[in-house]
Amino acid sequence: MAVHCPECGFAAGAAANFCPKCGAYLADIGQGEGPSTATYQIQESGEQTAVDLGAVRQAGGAALVVRAGGGLEGESLTLEGDRVSIGRRPDSTLFLDDVTVSRDHALLVARSDGWHIDDLGSLNGTYVNRHRIDSTLLSDGDEVQVGKFKLTFLGR
């Protein structure tokens, strides 16, 4: 059974989270209960603790959840402060250890209208909903791709 995109009308596969034609978020449209990726955070001790995404949204915070890439599926990062660095540099806020990610790949910045993501001149680029960007405002449910990693932005 196909799911029709509310933005462009394209008939996407029933398991699609994003429209293959325009990149619109489809996960909430007529899909009912299906398999989902567990979300967790890794503590300093190395333990994994489950994260309730509903609680993140209700708390008014924003988060990035890794949906694919590098064996980090399900890991989440709550966005705190006003700047979050993404890259292969070990001191990056979101450290993504893969050659497809630049040392200083992207920067998330909290501005008055919400969280923006800025590409920092990375070789492979930063993509939001499958469109290469230099800088853009993120919306709840946006798919962010950094190298081979696909992340979902959970906004307020």
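All of these numbers come straight from a predicted model, not from anything done at the bench.

Trainee: Could you clarify how one ought to interpret the side chain of Asp118 in this entry?
Mentor: With respect to the element layout, Asp118 can be found in strand 10 (residues 114–119). There is a polar contact of 3.0 Å between the side chain of Asp118 and the side chain of Arg111. When neighbours within four sequence positions are excluded, Asp118 is seen to be in contact with His105, Ala106, Leu107, Val109, Arg111, Asp134 and Ser135.

Trainee: How do you make sense of the confidence of the model for the protein chain when you look at a structure like this?
Mentor: If pLDDT is low for a region, its predicted coordinates should not be looked at in detail. The share of residues in the protein chain with pLDDT of 70 or more is 74%, and the mean pLDDT across the chain is 80. Contacts from residues 31–36, a stretch scored under 50 in pLDDT, to residues over four places away or in other chains number 6 contacts.

Trainee: When you look at the sheet that holds strand 6 (residues 76–79) in this model, what are you seeing that I'm missing?
Mentor: Strands belonging to one sheet form pairs held by backbone hydrogen bonds; the direction of such a pair is parallel or antiparallel. Reading across from one edge, 6-5-15-14-11-12 is the order of the 6 strands in this open sheet, with antiparallel pairing throughout. Edge positions in the sheet fall to strand 6 and strand 12 (131–133), since each of these pairs with one other strand and no more. Here the average twist between neighbouring strands, direction ignored, is 30°. Judged from the 3 bridges that link them, strand 11 (residues 126–128) and strand 12 form a sheet pairing that is antiparallel. Paired with Val128 across the strands is His131, a residue of strand 12.

Trainee: Could you clarify how one ought to interpret the nonpolar core in this entry?
Mentor: Soluble, globular proteins show a tendency: their nonpolar side chains are buried together. Leu64, Leu79, Ile86, Leu108, Ile117 and Leu151 are the most contacted members of the largest nonpolar core, which totals 22 residues. Listing elements by their share of this core, those giving two or more residues are strand 5 (62–68), strand 6, strand 7 (83–87), strand 9 (106–111), strand 10, strand 14 (143–146) and strand 15 (149–154). Excluding residues that lie within four positions of it along the chain, Ile86 makes contacts with Leu64, Ser92, Leu94, Leu96, Asp104, His105, Ala106, Leu108, Ile117 and Val146. With 5 residues, the next largest nonpolar core counts Cys5, Ala16, Cys19 and Leu26 among its residues.

Trainee: Could you clarify how one ought to interpret the sheet that holds strand 8 (residues 94–95) in this entry?
Mentor: Reading across from one edge, 8-7-9-10-13 is the order of the 5 strands in this open sheet, with mixed pairing throughout. Across the chains shown, the open sheet's two edge strands, defined by having one partner strand only, are strand 8 and strand 13 (135–137). Bridging between strand 7 and strand 8 involves 2 bridges; their strand directions are parallel. Directly across from Gly87, in strand 8, lies its bridge partner Phe95.

Parameters at a glance
Residues numbered from 1 in each chain as written. Predicted model: local features only at pLDDT ≥ 70, side-chain atom pairs only at ≥ 80, totals over all residues. Heavy atoms only, no water. Helix = DSSP H or I, 4+ residues; strand = E, 2+ residues; numbered from the N terminus. Polar contact = N/O pair within 3.5 Å; in protein donor to acceptor, adjacent residues only side chain to side chain. Contact = heavy atoms within 4.5 Å. pLDDT = per-residue confidence, 0-100. Pairing = 2+ DSSP bridges. Axes fitted to C-alpha atoms, helices over the stretch in contact; angles between N-to-C directions. Core = buried A, V, L, I, M, F, W, Y, C linked by side-chain atoms within 4.5 Å. Buried < 20%, exposed > 50% of the residue type's maximum accessible area, 1.4 Å probe, protein only.

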